[in-house]
Amino acid sequence: MASISIKQHIYQYTLQRQVRKTLQLQLTAIDTLSIKAPKSINLDVILAFIQQKADWIQQKNNILQNQPLTEASPLNDLKDGSILLFKGNETILRVKSTYCKPAITLAAQELCVNLYAPRPQDLRTCLKTWFILQAKKILLQKTQFWCQRLNTNVGKITIREQKTRWGSCSSLGNINYNWRIIMAPEKTIDYLVIHEVSHRHYMNHSKEFWYLVQSHQPDYAKHKLWLKQHSHEIFQII
């Protein structure tokens, strides 16, 4: 994909040349455009046409950014043998009844949960609490590491239940992370942290911002795409 800067925001776009008389522009995903153009038209004309639609593109992109990452889904039938994701790895859920204190342990790609009475809602609550604790631990470590690499600092770090975004960074340097990111692969978690910490230098998605992200993770686009493609799957798990 090629890229274009529109109102100091970088968009990826695909260009299809066809036997047609007019230009067609679509916003197919967040920060992603699709253009269909006549075969004979000059690229400069196409790019100028896109810039003319800057307000429309920005408006539609903002709407997409504020939509839920996925539609709300009913609770999964979590049970012994269910498949979970932890740091991108498939993990088998093992559920046992116990008279001891409820506990969760992770070993050899199995997440073992001991509960007094493993009812679906109790199991979900227990799993969610454990995932949030793991997310907090790992995200705090990664944020500290990437702050050092990017020569900056952040304010308060909060792990949240979010429906519309994976993370955010305020002008005060406070960062929010979606706890479900802990289900993504390690490098994808790094991408999210690099992305948010980079906002301490650029509070936008300008060309300079993406250059900074790329300088620390050259294949960041792959991880950005992973989040788009797997958000529904992740929200279905817990």
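Throughout what follows, the structure given in this document is the object of discussion. (Residues numbered from 1 in each chain as written. Predicted model: local features only at pLDDT ≥ 70, side-chain atom pairs only at ≥ 80, totals over all residues. Heavy atoms only, no water.)

1. A word on the packing of aromatic side chains
Then comes step 1: Going through the model one piece at a time under the given rule, you end up with nine aromatic pairs.
Then comes step 2: On the numbers, 5.3 Å between centres and 85° between planes, the contact of Trp130 with Phe131 is edge-to-face.
Then comes step 3: Between the NZ or CZ atom of Arg180 and the centre of the ring of Phe235, over which it lies, the distance is 4.4 Å. (Phe/Tyr/Trp six-rings, centres within 6.5 Å; stacked < 30°, edge-to-face > 60°. Lys NZ or Arg CZ within 6 Å of the ring centre and 35° of its normal.)

2. Some words on the environment of Ser206
Then comes step 1: Within the fold, Ser206 resides in the loop between helix 4 (186–198) and helix 5 (207–216).
Then comes step 2: Overall, Ser206 belongs to the buried group, its relative accessible area being 4%.
Then comes step 3: As for Ser206 and Ser5, which are separated by 201 residues in sequence, their C-alpha atoms are 7.1 Å apart.
Then comes step 4: In this structure, Ser206 is in contact with Gln8, His9 and Ile10, ignoring residues within four places of it in sequence.
Then comes step 5: Looking at Ser206, its side chain comes within polar contact range of the side chain of Asn204, at 2.8 Å. (Helix = DSSP H or I, 4+ residues; strand = E, 2+ residues; numbered from the N terminus. Buried < 20%, exposed > 50% of the residue type's maximum accessible area, 1.4 Å probe, protein only. Contact = heavy atoms within 4.5 Å. Polar contact = N/O pair within 3.5 Å; in protein donor to acceptor, adjacent residues only side chain to side chain.)

3. Digging into the nonpolar core
Then comes step 1: Judged by nonpolar contacts, the single largest core of 49 residues is most densely connected at Leu127, Phe131 and Met183.
Then comes step 2: Secondary-structure elements contributing two or more residues to this core are strand 5 (83–86), strand 6 (89–97), strand 8 (110–115), helix 3 (120–149), strand 11 (175–178), helix 4, helix 5 and helix 6 (220–237).
Then comes step 3: Per element, the largest residue contribution to this core is ten residues, and it comes from helix 3.
Then comes step 4: Residue contacts for Leu127: discarding those within four places in its chain leaves Leu78, Leu84, Leu93, Ile104, Leu111, Val113 and Ile238.
Then comes step 5: Formed by 14 residues, the second largest nonpolar core is a distinct cluster that contains Leu25, Ile35, Ile50 and Ile57. (Core = buried A, V, L, I, M, F, W, Y, C linked by side-chain atoms within 4.5 Å.)

4. Here we look at the sheet that holds strand 8
Then comes step 1: The strand order across the open sheet built from four strands is 5-6-8-7, with neighbouring strands paired in mixed fashion. Single-partner strands in this sheet number two, and they are strand 5 and strand 7 (103–107). Ignoring which end each strand starts from, the neighbouring axes of this sheet average 30° apart. (Pairing = 2+ DSSP bridges. Axes fitted to C-alpha atoms, helices over the stretch in contact; angles between N-to-C directions.)

5. Details of the pairing of strand 2 (residues 9–18)
For a regular strand, the rule is simple: side chains alternate between the two faces of the sheet.
Then comes step 1: One ladder, built from five bridges, connects strand 1 (residues 2–6) with strand 2; its direction is antiparallel. Residue pairing for strand 2: Ile4 is matched across the bridge by Tyr11.

6. A closer look at the pattern of salt bridges
Then comes step 1: In total, this model carries ten salt bridges according to the counting rule given.
Then comes step 2: Of the charged contacts, one joins Glu161 and Lys128 as a salt bridge, the two residues approaching to 2.8 Å between their closest N and O atoms. With Glu161 in the loop between strand 9 (157–160) and strand 10 (167–169) and Lys128 in helix 3, this residue pair connects regions lying 33 residues apart in the sequence.
Then comes step 3: Residue Glu161 is classed as partly exposed on the basis of its relative accessible area, which comes to 35%.
Then comes step 4: Owing to a relative accessible area of 22%, Lys128 belongs among the partly exposed residues under this scheme.
Then comes step 5: By sharing partners, the salt bridges in this structure join Lys87, Lys142, Glu186 and Asp190 into a single network. (Salt bridge = Lys/Arg side-chain N within 4 Å of Asp/Glu carboxyl O.)

7. Overview of the sheet that holds strand 11
Then comes step 1: Strand order in the open sheet formed by three strands is 9-11-10, with mixed pairing between adjacent strands. The open sheet is flanked by strand 9 and strand 10, the only strands paired with a single partner. Sheet twist, expressed as the average angle between the axes of neighbouring strands with direction ignored, equals 15°.
Then comes step 2: As judged from the three bridges shared by strand 10 and strand 11, these two strands associate in the antiparallel manner. Opposite Ser168, over in strand 11, you have Asn176 as the bridge partner.
Then comes step 3: Relative to strand 11, helix 4 is tilted by about 160°, and along the sheet it contacts strand 10 and strand 11.

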